[in-house]
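Residue strings, one per chain:
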Amino acid sequence: MPYDLSRFDLGDMLKSSISLREASAGAPTLEASAQRVCRFLYDELTGPDTERACALVRCYKTHPYGSLEPELQRFAKKQLAGNEEPPASMKCLTLVATVGQNAAWNSRFLSMGHRAIPLPSPEIVERAPMISQLIKELGLEISSLLHGSPDVVKELAGKRHGVFHVKDAAGSPYIPAQQEFVQKYGIRSVLGFGGVLYTGDLFAVILFATVHISDTAAQRFRTLALDVKSSFSKFSEANVFNAFRSTPTSPIPRV
């Protein structure tokens, strides 16, 4: 059943909530569940005059550096200054699922710059406008997310979820790659929704839409954030990723 993202009324929210839970149920890993979430949103969200409302849908999760696949560790380490091995506890914002209109946007292994983004300190996170704003609009303190005590983790996991909304993507300081992505693919609004899992890790699903998303429509995704959180909370840290595979070689431009 299609849902018009440009208006996304109360009925759409209620019906899509049920369908989203059904779509993500029964997956063997968090990655597989996240891929089903992204596929559902990409296929079912439409515009008033378009078959699909999103050019790209992605899901991210913070994950300890020491628990990443070896290839993702190498990817994250290359983005840091110096040659020292990062601490195993360092959080990395990790791409776990992606679905989009380009062939290369349908595999997390083909992302050039977003597969595992290291978050070594609040100061460095603040230099990445989209990431820092995403964390803040979800109601989180950057320092608590990166270095929270067990009590803070418990408090965050119990209460924190929300939305990140950029109504006008063109020219926004929070959305990078303006010319090669926003302008080229006609991105008009960006909407993220997510929260904190029982591990203290952040998850976020981000919609890059080719239709305008109103503030009212965006806020209704808070309910979907709880649905996805419920699905993701069923997985232990040992069941986050699918079986590891090597990065394929591809000449396709990647995002």
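J.: Where do I start with the overall build of the protein in this structure?
T.: Helix and strand counts for the protein come out as 10 helices and 8 strands. A principal-axis box enclosing the C-alpha atoms of the protein has dimensions of 50 × 45 × 35 Å. Residues counted as buried form 53% of the 255 residues belonging to the protein. Considering only contacts within the protein whose residues lie at least 6 apart along the sequence, 69% involve residues at least 24 apart. Surface accessibility of the protein: about 11,400 Å² in total, with carbon and sulfur atoms responsible for 53%. In the protein, 28 side chains carry a positive charge and 25 a negative one; their mean positions are 3 Å apart.

J.: How should unusual backbone geometry be read in this particular structure?
T.: Negative phi characterises most residues that are not glycine, and trans characterises most peptide bonds. Phi angles above zero are rare outside glycine, and F8 is one such case at about 35°. With respect to the element layout, F8 can be found in the loop between β1 (3-4) and α1 (10-24). Of note in the backbone geometry, A177 takes a positive phi value of approximately 55° without being a glycine. Summarising the element assignment, A177 is placed in the loop between β6 (161-166) and α8 (178-183). With relative accessibility at 32%, the residue A177 sits in the partly exposed group.

J.: I would appreciate a short explanation of helix α3 (residues 70-78) in the present structure.
T.: For α3, the set of buried residues is E71, L72, Q73, F75 and A76. On its buried face, α3 is in contact with β4 (91-100) and β5 (116-119).

J.: I keep staring at the nonpolar core and nothing clicks. Help me out?
T.: One recurring pattern in soluble globular proteins is that nonpolar side chains are buried together. Among the nonpolar cores identified, the biggest contains 50 residues, and L5, L41, L45, F193, V205, L207 and F221 are the most heavily contacted of them. The element contributing the most residues to this core is helix α2 (residues 30-44), with 8 residues. By size, the runner-up hydrophobic cluster in this structure holds 32 residues, among which are I131, L134, L145 and F208.

J.: Quick question: what am I supposed to make of the pattern of salt bridges here?
T.: Under the definition given, this model contains 15 salt bridges. Here R7 makes a salt bridge to D4, at a shortest N to O gap of 3.9 Å. Accessibility expressed as a relative area gives 44% for R7, which makes it partly exposed. The partner of D12 in a salt bridge is R7, with the nearest N and O atoms 3.8 Å apart.

J.: How should I be thinking about the layout of surface pockets in this particular structure?
T.: Empty space among the atoms becomes visible once a probe the size of a water molecule is rolled across them. Within this model, the largest pocket holds a volume of roughly 670 Å³. Residue lining of the largest pocket: 33 residues in total, with G113, H114, I117, M130 and P176 positioned closest to the centre. Going through the elements one at a time, β3 (54-64), β5, α4 (122-126), α5 (129-137), α8 and β8 (202-209) are the ones with two or more residues in the lining of the largest pocket. Residue contributions to the lining of the largest pocket peak at 4 residues, all from α5.

J.: Looking at this structure, how should I read the environment of P28?
T.: Topologically, P28 is positioned in the loop between α1 and α2. Considered as a pair, P28 and N242 are 214 residues apart in the sequence and their alpha carbons are 8.2 Å apart. Those residues within four positions of P28 in sequence are excluded, and the remaining contacts are R36, F235 and N239.

About the thresholds
Residues numbered from 1 in each chain as written. Predicted model: local features only at pLDDT ≥ 70, side-chain atom pairs only at ≥ 80, totals over all residues. Heavy atoms only, no water. Helix = DSSP H or I, 4+ residues; strand = E, 2+ residues; numbered from the N terminus. Buried < 20%, exposed > 50% of the residue type's maximum accessible area, 1.4 Å probe, protein only. Contact = heavy atoms within 4.5 Å. Areas by Shrake-Rupley, 256 points an atom, 1.4 Å probe, with all protein chains shown as cover. Lys, Arg positive; Asp, Glu negative; His and termini not counted. Charge placed at Lys NZ, Arg CZ, Asp CG, Glu CD. Core = buried A, V, L, I, M, F, W, Y, C linked by side-chain atoms within 4.5 Å. Salt bridge = Lys/Arg side-chain N within 4 Å of Asp/Glu carboxyl O. 1 Å grid on protein atoms, 1.4 Å probe; cavity = no way out; pocket = protein on both sides within 12 Å on 5 of 7 lines; lining within 4 Å. Points joined across faces, edges and corners; volume = space filled by probe spheres on them.

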